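# Architecture and fold: a report
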Number of protein chains: 4
Amino acid sequence: MIFSSDNWSGAHPKVAESLVRHADGFAPAYGSSDLDRSVNDTFSRIFEREVTVFFVGTGTAANSLAMAASNRPGGVAFCHTEAHMIVDECGAPEYFTGGARLCPVEGALGKIDPSALSAAIARYPAEFVHHGQPMAVSITQATEIGTVYSLDEIEAVGKVARSNGLPLHMDGARFANALVALGTTPAEMTWKRGVDLVSFGGTKNGCWCAEALVVLDPGKAADIPFLRKRAAQLFSKSRFISAQFEAYFEGDLWLDMARHSNAMAQSLSAVLSSSNRMRLAWKPDANEVFAVMPTALMDDLTGKGARFYPWARPASFEGAIGDDETLCRFVTSFATAENDIEAFRRLLMPI
Amino acid sequence: MIFSSDNWSGAHPKVAESLVRHADGFAPAYGSSDLDRSVNDTFSRIFEREVTVFFVGTGTAANSLAMAASNRPGGVAFCHTEAHMIVDECGAPEYFTGGARLCPVEGALGKIDPSALSAAIARYPAEFVHHGQPMAVSITQATEIGTVYSLDEIEAVGKVARSNGLPLHMDGARFANALVALGTTPAEMTWKRGVDLVSFGGTKNGCWCAEALVVLDPGKAADIPFLRKRAAQLFSKSRFISAQFEAYFEGDLWLDMARHSNAMAQSLSAVLSSSNRMRLAWKPDANEVFAVMPTALMDDLTGKGARFYPWARPASFEGAIGDDETLCRFVTSFATAENDIEAFRRLLMPI
Amino acid sequence: MIFSSDNWSGAHPKVAESLVRHADGFAPAYGSSDLDRSVNDTFSRIFEREVTVFFVGTGTAANSLAMAASNRPGGVAFCHTEAHMIVDECGAPEYFTGGARLCPVEGALGKIDPSALSAAIARYPAEFVHHGQPMAVSITQATEIGTVYSLDEIEAVGKVARSNGLPLHMDGARFANALVALGTTPAEMTWKRGVDLVSFGGTKNGCWCAEALVVLDPGKAADIPFLRKRAAQLFSKSRFISAQFEAYFEGDLWLDMARHSNAMAQSLSAVLSSSNRMRLAWKPDANEVFAVMPTALMDDLTGKGARFYPWARPASFEGAIGDDETLCRFVTSFATAENDIEAFRRLLMPI
Amino acid sequence: MIFSSDNWSGAHPKVAESLVRHADGFAPAYGSSDLDRSVNDTFSRIFEREVTVFFVGTGTAANSLAMAASNRPGGVAFCHTEAHMIVDECGAPEYFTGGARLCPVEGALGKIDPSALSAAIARYPAEFVHHGQPMAVSITQATEIGTVYSLDEIEAVGKVARSNGLPLHMDGARFANALVALGTTPAEMTWKRGVDLVSFGGTKNGCWCAEALVVLDPGKAADIPFLRKRAAQLFSKSRFISAQFEAYFEGDLWLDMARHSNAMAQSLSAVLSSSNRMRLAWKPDANEVFAVMPTALMDDLTGKGARFYPWARPASFEGAIGDDETLCRFVTSFATAENDIEAFRRLLMPI
C-alpha cells in the first residue's frame, strides 16, 4: 500500500537486466560510446525527427539545464504556480541560471491558462530594463496534480510562447504517463504543438536513474554540452544511463509501464470514489490521485500501514476543504500491483 | 589493450548484482531508506568516526559541492596546477560557487609543495579586500599524474591549511588506489592528517556511478543538504547509489579492486620500462602510468589497437621531451587483465 | 510640472557645494579617509548606536547587497508584492545572491500583512530540502505606493521575522520621507522595531548619488566588505559620496528636504482631490500621490507638459478603475516648488 | 608628496563646476536625458564611429560588465598575470559572469606576449568540453606597471584574438595616459587595432566617479542594458556622470590632465634615477613609476611624509631585488604639482 511517490519504486527487471548486460567490457566515456549513440538514435526515431539528447542525473537537473539553455540577463521564465520547478527544486533553476526568475502563472487543474500567460508576459515590455525580460515558458506534462494537457491546450500555450519569441519547455518527469493518457505520439505532444525542449524522465517510470534533456531542434544545442559539463552533470560511464533507456524503449516497455501505472490510478480512483469516507479532489488523468478526506481518517489509514502524502492545497483548486479535512496525494507506478489497491480497498471499506 | 581511462571500464559483477538485488520493492526516496542509512554507517565505520555522506552523480559534483560548502565572497581555493578541478571540470567549481577562484600551486610530481602553498596564501592578506580571501585548500589523492601523497606530505599540507584557518579538501576520485598504495587506513589518510572533506570516488574503481562527498566533521554539514539539492544532485532513487557502495565495501571488494588495478599498473610499467622504445616519465604510485615515446611509435601502437591518450606536459615535470616525442598516459582499472598487458607487451616487443 | 519621479530632480545646492569643497587635495581611497570615517560616525550618532555603513552607487545595489549578506543556499526572501526589489530591479537581488528567490507577500496599502507573512514563511519547513529555506524579510519604508508603515506595523513584521530567525531589511530609498511623516527617529523606526539592515537612500532626496547599506549590528558586517568589492560597488574616491552625506545631515538638511517634499505631496493631493476630474486612489503618507483619472485626461495633461507616469494597478488596491481610466503616479521632491503645484492646478482647473 | 595612487586626488575644478552647473532642474532619469545623449555623441565623435556607451560606477564594474557581455558557459578570459582584473578586483569578473575564469598570460613589462597568448588559447580546443572554452582577451592600457602597449603590440594581440574568434577588451582605467604617451587617437588605439570593448576610465584622471563601458560595435550591445541594470550599475541620476564627462572632454581637458600627469611621472622618474639611493625598476611610459630601493630608505621617506606603496614583484620583472630592498610604486595625477616632486627631491637628496 505504498502510494507515496512513483520514485519509491525500484527498477523494472528488464532495466536491471540491461544494466547487467552492459556492465562488462570497455567503452568510451562521457557519452561517446556506440550504445550512447544508438540510444540517441532511438530518441530521434521516437520523436520522428533528429533530436539531440543530453543525459543528466535528475529531473531537477534536466529542468534547470533547460532554463540555463534559455537564459537571458534579467530573465523571467513562466510556469504554473504549482510547477515542480517553483515548488520542489530548492531554487535549482534560479541557481543554474545565476538568478533568473520563475514567474508563477495561474490556471485551473494545474495547467497554465493561456490568457493568464499572455497577461503575465505583457508585464515585461520588450525594452523596459527595470522589470527584466521574458526568457521561456515551461509546462509540466503530466502536471504536478495528475492532470494532463490536451494537445489543443499545449498548442494554445505554445502559440503564446511563439508569439512572444519564447522557447517552450516541457517538464516531462511523467512524460510517458501523459503520452498514454492522451493516446498520442511524442511528436504530436511536443514539437508539433510548439514544444522546443523536453525534460524526458524515465526514473519515475521504472528506471533507476534515467533523465534526459531532449533538444528538439539540434541547431539550438550548441552551448548545452558546456552548460551540462559545468553543471557537473556529464556522467563518465554514460552507458549506464543509455543501458536503462535501451531497455526502456525496447518493445515499448515504457508505454506498457505507463499504461499499467495509469490503470492502477484509475482503479485506486474508483476505490476512493466508491467510498463514502472521502472524495476525489479532481479527476485524475495520469498516475496521481488526489482526495479530500477527514484528517482523522488519514491518520487512521497511515497508522495501518498505508503510505501517501498530505498535500498543500493548490491555488488552482476551487473545491472546499473543511477544517478537519486534508488533501492527500496517492501515486501509482509500474510497480503498483492490483493487490496494493485491493489491500487499500479493504482498509477503507472493511466489509 | 584499453588504457584510455579507468572510466572506460564497466562495473564489477558484484556491484551489478547488488543493483539487481535492490531493484525490487518500494523504499523511501531521497536518501532516507534503510539501505541509505546503513551505507552511511559503513562510511562511518571505515573512517573510524561519525561522518556525514552526501551522494552525488559525478566526481566533478563532489568536488564542486566541497568548494560550495567552503565558499566565501571573493574566495580563492588553492590546488595543484594539474588539479582536475582546474584542468578538467569546465569551470564547475567556479560555477557552483558563483565565481570563487582556483589558484594553481606548483609542486613536483603533481603534489602541492607546502612552502609554495604558504607563499600563495600569503598573497591574500586577511583584511585586504582587493585581492579576495583564501577559502580552502584541495589536494588530489592519488594525483592526476598517478603519484600518491605520503601521509607526511598530507600532514604538511594540512598544517599549512590549518595555520591559515582553511579547510582541507581531498579529491579522492582514486581514493582507493592511493589507500592501498600507501597500505594505510582512510582515517590515517584523511582526518588524522588534517583533511576535512573528501570527494570519495567509486566510479573509476568498479562502480557505475557512485560518488560521495564525505564530511568528516558532521557539525560542518548543516548547509550541504540545501547546497546539494539546489545543485540538482539529490537523487530520488538514492538506493541505486547505496546499493553500489554496499557491494563496494562488502568483503573489502574496493580494496581488492584497487590492489589489482595498481598491480596492473606496475606490470604495465615494467613492460614499458623494459622496452628501449620508450621511457617512463616518472615512477607510478597508483594506477596511472606516464611514458615518453616517439610520436611515430604512439601512432603505430594506436593504429594497431592500443588505446591510451597523449597528455599535456605537466608544469611539474622536469624531464626532457624531444620535439618528435609525446608524453602518453596509460590507466589501468579493476577490469584490466594480464592479457591486456601481455598483448601490449607483444605489440611493443614483437619477438 | 515634473512629477515623474524624485530622481528627475538634481542636487540640493548645499550638496553641490560640499562636493566642490571636497574636490581639492589628496585623500586615502576606498573609504579610508577622515571624511569617510567622520560620516560613518554621523550615521552612528543619528541611529543612536554604533553602526557600520557601506556606501554603494545605487539603491538597487544596497538592496541586493543586503540580500547577499543574508544569503543561504536555496534561500527565499519575503517582501511585498509591489516591492521595488521584485518589480523594478531586473533581478539584481537574485543575481547578487546567485539565485535566491523573492517571495511576494500580500498586504493592504503596499505593506506586508504580518499574518500573510507568517503563512508564507510556514510554507518552508525548516529541514525540508525540496522547498528551499527562508533567509530574510524586507519591507520598503516609505512604500512603493507612497504609504508609510507605522512603528507598530514595523514592530509586527519584525516580530514575525525574529520568531523565524530571519533578519529584517528595510529598503529606505525614501527613508527620510517616511521618517518625517511619522515624526520619529531613525532608531525608533529601525532597530528598536527589529530592523537589522537598512538601504539608506539619499539620492531621491537631494543628493546626486548617495546610497548606503547600514548594518545596525556591526558584528554582522564581517563579510560585507568582500561582498561589496566583489559586486564592483567599492568606490575609489569614496569621499565624493561622503561629501554628499556630510551636507545631507548638516543642520538636518535631509529632514528639511523630506518635509518639503511631503508637504508638496499634500498640496498636490489637495489639488487632485478638489478637482472633480480625478480621484485619489488612496491617502498619501509621504511624497508619492496616486490618482485615478480618465485616460483622456491623462493624455491631455501630458500633452500640455505635465509629467507623471501611468502605473500598474497594485494587487493590494481594492478600488475600482474603469475601463477608460488609468491609475497615475505623481512624485514630489525637495526640488518641487509651489509654482509647480499651482501650474498643475491651473491646468486641471483652468478658471 | 602624495604618490599613493591617482585615485587619492580629487576632482579637477572644471569637473566640479560642471556638476554644479547641472545640479539644478529636472531631467529624465536612467540615462535618457539630453545631456546623457549629448555625451554619448561626444564619445562617438572621439572614437570616430558610432559607439554605445554604458556608464557605471567603478572601473571594476566596467571590466566585469565587459566580461559578462562576453560570457560563455565554461568561459575562460585571457589577460596578463598582473592584470587588475586578476589581482585587484576581489573576483568581481568571475562573480559577474557566474564563474568564468581569468587565465593569466605572461609577457615582459606587463604586456601580454602574443605567442604566449596563442599557446594559452590553444590549450582549450574548440569542442573539448572538459577544459572549458575561450571567451575573451583583455589587455590593460596603460598597464598596471606603468608601461604602454605600442599600436603594433595592440595589433598583434588583436590578431591572435580575432583569429580565435574572441572579442578584445581594453581595460582603460588609464586610457588617457596611454593615449597621450603614444600621441595617437582613440580610434587608432582601439578599433583600428582590433579592440571591441573599452573600459573607459575618467576617475583616475580628474573626475570624481566617471567610468564607462564603450562598445565599439553598437550591434553587439543589445544585452548590455539588462546586464548593467541587473548588476545594479544603472544610475538614476545618470546626468551626474554625464556632467563629469562633458567637462572632461571639453577643450581636451582630459588630454591636458593626462599630459600633465605623465610629465610629472617623467620628472619624478628623473629625480629617482638621478639619486644613487634607488634605481628605476623599468622605464615608465605613463603616470606610474616603479623603483627599487633599500627598505630602510623606504621607511625613512615614509616616516618623513612621502606617500607611496611597496609593490609585489611582477612575474614579468626580470631585474634583481636584494633581500633588504623593496619594489615601490609612485603614481602621479592631474593634481600632482612640481612642488610635490621638488619636495620629494629634497627629501631624497637633502643637499
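Residues numbered from 1 in each chain as written. Chains lettered and ligands numbered in written order. Predicted model: local features only at pLDDT ≥ 70, side-chain atom pairs only at ≥ 80, totals over all residues. Heavy atoms only, no water.

### Notes on the overall build of chain A
Tallying secondary structure elements over chain A gives 14 helices and 11 strands in all. Expected size for 351 residues packed as a compact globule is a radius of gyration near 20 Å; at 20 Å, chain A falls within 12% of this value. Projecting the C-alpha coordinates of chain A onto the three principal axes gives extents of approximately 60 × 55 × 30 Å. A burial count over chain A gives 64% of its 351 residues as buried. Considering only residue pairs separated by 6 or more positions, chain A has 75% of its internal contacts joining residues 24 or more positions apart. (Helix = DSSP H or I, 4+ residues; strand = E, 2+ residues; numbered from the N terminus. Rg over C-alpha atoms; globule rule 2.2 N^0.38 Å. Buried < 20%, exposed > 50% of the residue type's maximum accessible area, 1.4 Å probe, protein only. Contact = heavy atoms within 4.5 Å.)

### So, the relation of the copies chain A and chain B
To go from the first copy of the chain to the second, apply a rotation about an axis and then a shift along the same axis. If you rotate chain A by 180° and push it 0.0 Å along the axis, it lands on chain B with an RMSD of 0.0 Å. Here the copies are linked by what is in effect a two-fold axis. Among all residues of chain A, the minimum C-alpha distance to the rotation axis is found for Gly57 of chain A, at 3.2 Å. Most of the interface of chain A is mirrored in chain B, where 100% of its interface residues are also at the interface. (Least-squares fit on C-alpha atoms with pLDDT ≥ 70 in both.)

### Describing the packing of helix 1 (residues 13–21) of chain A against helix 11 (residues 239–249) of chain A
Residue and element names in this part refer to chain A. Two numbers describe how helix 1 lies on helix 11: the axes approach to 8 Å, and their chain directions differ by 135°. The pairing of helix 1 with helix 11 is recorded here as oblique in orientation. Two packed elements cross with a definite hand, and for helix 1 against helix 11 that hand is right-handed. Contact with helix 1, carried on its side by Lys14, Val15, Ser18, Leu19 and Arg21, involves Phe240, Ala243, Gln244, Glu246 and Ala247 of helix 11 and no other residues of that element. Of the residues that constitute the contact of helix 1 with helix 11, the class distribution is 5 nonpolar, 2 polar and 3 charged. (Axes fitted to C-alpha atoms, helices over the stretch in contact; angles between N-to-C directions. Parallel < 35°, antiparallel > 145°, perpendicular 65-115°, else oblique. Left-handed = near helix turned anticlockwise from the far one by under 90°. Nonpolar A, V, L, I, M, F, W, Y, C, P; charged D, E, K, R; others polar.)

### Description of the sheet that holds strand 4 (residues 133–140) of chain D
Paired through backbone hydrogen bonds, the strands of a sheet run either parallel or antiparallel to each other. Residues and elements named next belong to chain D. Read across the open sheet, the 7 strands follow the order 1-7-6-5-4-2-3; overall the sheet is mixed. Two strands in the sheet have a free side with no partner beyond their single neighbour: strand 1 (52–56) and strand 3 (101–105). Within the sheet, the average angular offset between the axes of one strand and its neighbour, ignoring direction, is 25°. Running over the sheet, helix 2 (residues 34–47) touches strand 1, strand 6 (197–201) and strand 7 (211–215) and is turned about 120° from strand 1. (Pairing = 2+ DSSP bridges.)

### Overview of the interface of chain A and chain D
At the junction of the two partners, chain A supplies 16 residues and chain D supplies 17 residues. For the pair chain A and chain D, the summed buried surface comes to about 1500 Å²; carbon and sulfur atoms form 69% of the total. The largest contributions to the chain A side of the interface with chain D come from Pro73, Val129 and Phe226 of chain A, which together make up 44% of the buried area. Along the contact surface separating chain A from chain D lie 2 residue pairs in polar contact (both at pLDDT 80 or more). Residue composition of the side of chain A that touches chain D, grouped by class: 9 nonpolar, 4 polar and 3 charged. (Buried area = accessible area lost by both parts, 1.4 Å probe. Polar contact = N/O pair within 3.5 Å; in protein donor to acceptor, adjacent residues only side chain to side chain.)

### Points about the relation of the copies chain A and chain D
Overlaying chain A with chain D gives an RMSD of 0.0 Å, the required rotation being 180° about an axis along which the chain moves by 0.0 Å. Same-surface contact between copies: 100% of interface residues of chain A are shared with the interface of chain D.

### Side note on unusual backbone geometry
That bond from Gln141 of chain B to Ala142 of chain B is cis: its omega, -10°, falls within 30 degrees of zero. Structurally, the position occupied by Ala142 of chain B is in the loop between strand 4 (133–140) and helix 7 (151–163). Phi is positive for Asp252 of chain D, close to 60°, though the residue is something other than glycine. As for its placement among the helices and strands, Asp252 of chain D is situated in the loop between helix 11 (239–249) and helix 12 (253–274).

### Things to note about the interface of chain A and chain B
Often, the extent of an interface is quoted as the loss of accessible area upon association of its parts. The interface is formed by 49 residues belonging to chain A together with 49 residues belonging to chain B. Carbon and sulfur atoms supply 64% of the area that chain A and chain B bury against each other, a total of about 4200 Å² over both sides. Where chain A packs against chain B, one counts 0 salt bridges. Our count for the chain A to chain B interface comes out at 28 residue pairs in polar contact (both at pLDDT 80 or more). Within the residue set of the side of chain A that touches chain B, elements represented by two or more residues are helix 1, helix 3 (59–69), helix 5 (92–96), helix 10 (224–230) and helix 11 of chain A. (Salt bridge = Lys/Arg side-chain N within 4 Å of Asp/Glu carboxyl O.)

### Comments concerning the sheet that holds strand 11 (residues 325–331) of chain D
All names here are of chain D. Pairing is antiparallel across the open sheet formed by 4 strands, whose spatial order is 8-9-11-10. The open sheet has two edge strands with one neighbour each: strand 8 (279–280) and strand 10 (309–310). Pairing of strand 8 with strand 9 (residues 288–294), which is carried by 2 bridges, proceeds in the antiparallel orientation. Following the sheet pairing, Arg279 is matched in strand 9 by Val292.

### A closer look at the packing of aromatic side chains
Residues and elements named next belong to chain A. Following the criterion strictly, the structure yields 116 aromatic pairs over all chains and no others. With a centroid separation of 5.9 Å and 50° between ring planes, the pair formed by Phe47 and Phe175 is classed as tilted. Taken together, the residues span a long stretch of sequence, with Phe47 in helix 2 (residues 34–47) and Phe175 in helix 8 (residues 175–182) at a distance of 128 residues. By the ring-pair criterion, three or more aromatic residues cluster together here, those being Phe43, Phe47, Phe55, Phe175, Phe200, Phe245, Tyr248, Phe249 and Trp254. For the cation-ring pair, Arg49 lies above Trp191, with the distance from its terminal atom to the ring centre recorded as 4.9 Å. (Phe/Tyr/Trp six-rings, centres within 6.5 Å; stacked < 30°, edge-to-face > 60°. Lys NZ or Arg CZ within 6 Å of the ring centre and 35° of its normal.)

### Thoughts on the pairing of strand 7 of chain D
Strand residues, when the strand is regular, have side chains that alternate between the two faces of the sheet. Residue and element names in this part refer to chain D. In terms of burial, strand 7 is largely enclosed, as 5 of its 5 residues are buried. In terms of strand pairing, strand 1 meets strand 7 through 5 bridges, oriented antiparallel. Each residue of the ladder has a partner; that of Val53, found in strand 7, is Val214. Bridging between strand 6 and strand 7 involves 5 bridges; their strand directions are antiparallel. Within strand 7, the position partnered with Val198 by the bridge is Val214.

### Things to note about the confidence of the model for chain A
When the pLDDT values of chain A are averaged, the result is 96; 100% of them are 70 or greater. Both confidence scores are given for the complex: pTM 0.97, ipTM 0.97. (pLDDT = per-residue confidence, 0-100.)

### Observations concerning the pairing of strand 4 (residues 133–140) of chain A
Residue and element names in this part refer to chain A. Counting buried residues along strand 4, 8 of its 8 residues qualify, which places the element largely inside the surrounding structure. Sheet analysis places strand 2 (residues 75–80) next to strand 4, joined by 5 bridges and oriented parallel. Bridge pairing in strand 4 links Val76 to Pro134. Judged from the 4 bridges that link them, strand 4 and strand 5 (residues 168–172) form a sheet pairing that is parallel. In the sheet register, Ser138 faces strand 5, and the bridge partner there is His169.

### Notes on helix 11 (residues 239–249) of chain C
The buried fraction of helix 11 of chain C amounts to 10 of the 11 residues, a majority that puts the element mostly inside the structure. When we look at burial in helix 11 of chain C, the residues that qualify are Arg239, Phe240, Ile241, Ser242, Ala243, Gln244, Phe245, Ala247, Tyr248 and Phe249 of chain C.

### Brief notes about helix 13 (residues 295–303) of chain D
Residue and element names in this part refer to chain D. When we look at burial in helix 13, the residues that qualify are Leu297, Met298 and Leu301. Across the axial projection of helix 13, the buried residues extend over an arc of 100°, all falling on one side. What points out from helix 13, more than 90 degrees from its buried face, is the exposed set Ala296 and Gly303. For helix 13, the secondary structure elements touched by its buried residues are strand 9, strand 10, strand 11 and helix 14 (338–348). Positive backbone phi, at 105°, marks Gly305, one or two positions downstream of helix 13. (Arc of directions from axis to C-beta.)

### Remarks on the pattern of salt bridges
Where charged atoms from two side chains of opposite charge approach closely, those side chains can pair. Evaluated as defined, the whole model comprises 64 salt bridges over all chains. Across the pair Asp256 of chain A and Arg259 of chain A runs a salt bridge, and its minimum N-O distance is 3.1 Å. One end of the pair, Asp256 of chain A, and the other, Arg259 of chain A, are both in helix 12 (residues 253–274), 3 residues apart, so they sit about a helical turn from each other. Of the residues examined, Arg259 of chain A reaches a relative accessible area of 45% and is grouped as partly exposed. Across the salt bridge formed by Glu325 of chain C and Arg279 of chain C, the nearest N and O atoms sit 2.8 Å from each other.

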